[in-house]
Amino acid sequence: MTNARQIAFLALRDVHKGAYADFALDKVLQKFKLQDIDRRLVTELVYGSVRRQRTLDALIDQFAKKKSHQQPKELRTILHLGLYQLCYQERIPASAAVNTTVQLAKDNGFAGLTGFVNGVLRQYIRQAEEDQGEKSTSSSSSHLPLELPDNPVERLGILHSLPDWIIKVWLEQLSVADTEQLCEWMNQSPTIDLRINPLRCSIEEVEAALQSADVLVRRIPHLPQALRLISNSGPIQNLPGFREGWWVVQDSSAQLVTHLLDPQPGEVVIDACAAPGGKTTHIAELMGDKGKIWACDRTASRLKKLQENTKRLNLQSIQICTGDSREFLQFQNIGDRVLLDAPCSGLGTLHRHADARWRQTPETVQELSQLQTELLSHTATFVKPGGILVYATCTLHPLENEAVITQFLANFPDWQIEPPQKDSPAFAYSTPEGWCKVWPHRQDMDGFFMVRLRKTNNSE
């Protein structure tokens, strides 16, 4: 089978039965051998339809007699695919989007409803053309012929396809205009950043090698090891320097965390939630691979990626420790530095995980906040008096960030925030409170929160 839209439909059918979007996509791409152009189309259609689900449902509600949730599940999926192409895929002619979607309905048990599918899509096209004739605005998503409520939470939620509760969390911290920019950023395709391994090569050597392979890159301000790919690179493992261990894929924000930790050669460093290991290997690089790094995680399978990268980058200082960091007693007071990159809701990386916005809820955030509090209280015991602990998350929810730290400092007066020094790459992102917060729409990298804490010498 080489019909990209049919393959996308099969993946989306699995997603709507509960599968994670990346697993469902991986499964169909492994099953069907496709040319690169078709693989890219399947990927775009699957991730795009999942990401834009709320907006697409609102369009079905508007143009069909039955609401989206009343449609047969598979028919709703087919409508999502058609509408996604019409709304967000400018290179696909409207006629091709309509005809292929009608064919999808015919091929998947809805032959009797092809007229309905055709009607909904053509109605959308007519309305879009009418609206375009009447108005033009600057907002990149306002081309959609959507009837939107005045309430800013619902309006932004429907227009940018996010649950109301996430919009509310952001509006509590940002203006409406800022929140809209953040929503738009979260619906972009994610970029790929590399972190150069200075133990094997220089950033100039990697730039030259990639340039010779016609791969365009640019440097990232404040980050000495970061390069961003700005052209289509093909499979990552085929790029120059991959096998030689010259670099590893890691987003810029994640690189900032390790710079804030600032590990030194010869130290004992504990990475309490290490998998898949991007920050662990960065710690080893910054230490010149001299010292001891304990990489802990409770999921053995997720530590495999760390072991692969450790081998490829030729690092010797990392020791694996499988288990829940809340239960470890062997690390009491031995760490010069401890990193707690805590499990979180991932609200800063929604662009990377198409279905995360639909999986997280206010209840899961509460549970995560409790887990983060427990992890922080226990991993703080790993730090020597005078030592450093960095707490980090890739979320933008104050309950998992500021609230966790505020509560910790109230409960443990022998700890204090240590703001980043002026020469630290993290300094550019520091706040008056002393922690660092990366807002994606302002800094053009994943959303992150990080804080450096010092255990005072009079700690027990």
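Look up a bit, the structure's there.
Calculation rules
- Residues numbered from 1 in each chain as written.
- Predicted model: local features only at pLDDT ≥ 70, side-chain atom pairs only at ≥ 80, totals over all residues.
- Heavy atoms only, no water.
- Helix = DSSP H or I, 4+ residues; strand = E, 2+ residues; numbered from the N terminus.
- Rg over C-alpha atoms; globule rule 2.2 N^0.38 Å.
- Buried < 20%, exposed > 50% of the residue type's maximum accessible area, 1.4 Å probe, protein only.
- Areas by Shrake-Rupley, 256 points an atom, 1.4 Å probe, with all protein chains shown as cover.
- Core = buried A, V, L, I, M, F, W, Y, C linked by side-chain atoms within 4.5 Å.
- Contact = heavy atoms within 4.5 Å.
- Salt bridge = Lys/Arg side-chain N within 4 Å of Asp/Glu carboxyl O.
- Axes fitted to C-alpha atoms, helices over the stretch in contact; angles between N-to-C directions.
- Parallel < 35°, antiparallel > 145°, perpendicular 65-115°, else oblique.
- Left-handed = near helix turned anticlockwise from the far one by under 90°.
- Nonpolar A, V, L, I, M, F, W, Y, C, P; charged D, E, K, R; others polar.

Q: Talk me through the overall build of the protein; I want residue IDs and the actual numbers.
A: Along its length, the protein carries 18 helices and twelve strands. For the protein, the C-alpha radius of gyration of 24 Å lies close to 23 Å, the compact-globule estimate for 460 residues. Dimensions of the protein along its principal axes, counting C-alpha atoms only, are 75 × 50 × 40 Å. Buried positions account for 55% of the 460 residues belonging to the protein. Per element, the accessible surface of the protein, about 20500 Å² overall, is 49% carbon and sulfur.

Q: An account of the nonpolar core is needed here, citing residue identities and associated values.
A: Formed by 53 residues in total, the largest nonpolar core has its most connected members in Val42, Leu59 and Tyr124. Secondary-structure elements contributing two or more residues to this core are helix H1 (4-15), helix H2 (21-31), helix H3 (36-51), helix H4 (53-63), helix H5 (73-88), helix H6 (94-107), helix H7 (114-134) and helix H8 (152-160). Apart from residues lying up to four places away in sequence, Val42 is in contact with Ala4, Ile7, Ala8, Leu25, Leu29 and Leu34.

Q: So, the pattern of salt bridges: which residues are in play, and what are the values?
A: Two side chains bearing opposite charge may form a pair once their charged atoms approach each other closely. Taken as a whole and judged by the stated rule, the model has 23 salt bridges. For Arg337, the salt bridge goes to Glu267, with nearest N and O atoms at 2.6 Å. Here Arg337, found in strand S8 (residues 335-341), pairs with Glu267, found in the loop between helix H12 (252-261) and strand S5 (268-271); they are 70 residues apart in sequence, far enough to count as distant. Glu267 matches Arg337 in its accessibility class, with the two residues each being buried.

Q: Go over unusual backbone geometry, please, and point to the residues and values.
A: With an omega dihedral of 0 degrees, the bond running from Ala275 to Pro276 counts as a cis peptide bond. Among the structural elements, Pro276 can be located in the loop between S5 and helix H13 (278-286). For Ser161, which is not glycine, the phi torsion reads 60 degrees and is therefore positive. Note on placement: Ser161 falls in the loop between H8 and helix H9 (164-171). In this model, Asn314 sits at a positive phi of 60 degrees, which is unusual for a non-glycine residue.

Q: Mind laying out the packing of H12 against H13, listing which residues take part and the relevant values?
A: The geometry of H12 relative to H13 is characterised by a closest axis approach of 10 Å and an angle of 45 degrees between their N-to-C directions. When the axis of H12 is compared with that of H13, the two are oblique. Along this stretch, H12 crosses H13, giving a crossing that reads as right-handed. Across from Ala254, Gln255, Val257, Thr258, His259 and Leu261 in H12, the residues of H13 making contact are Lys279, His282, Ile283 and Leu286. Partitioned by chemical class, the residues of the contact of H12 with H13 number five nonpolar, four polar and one charged.

These figures come from the coordinates and say nothing about function on their own.
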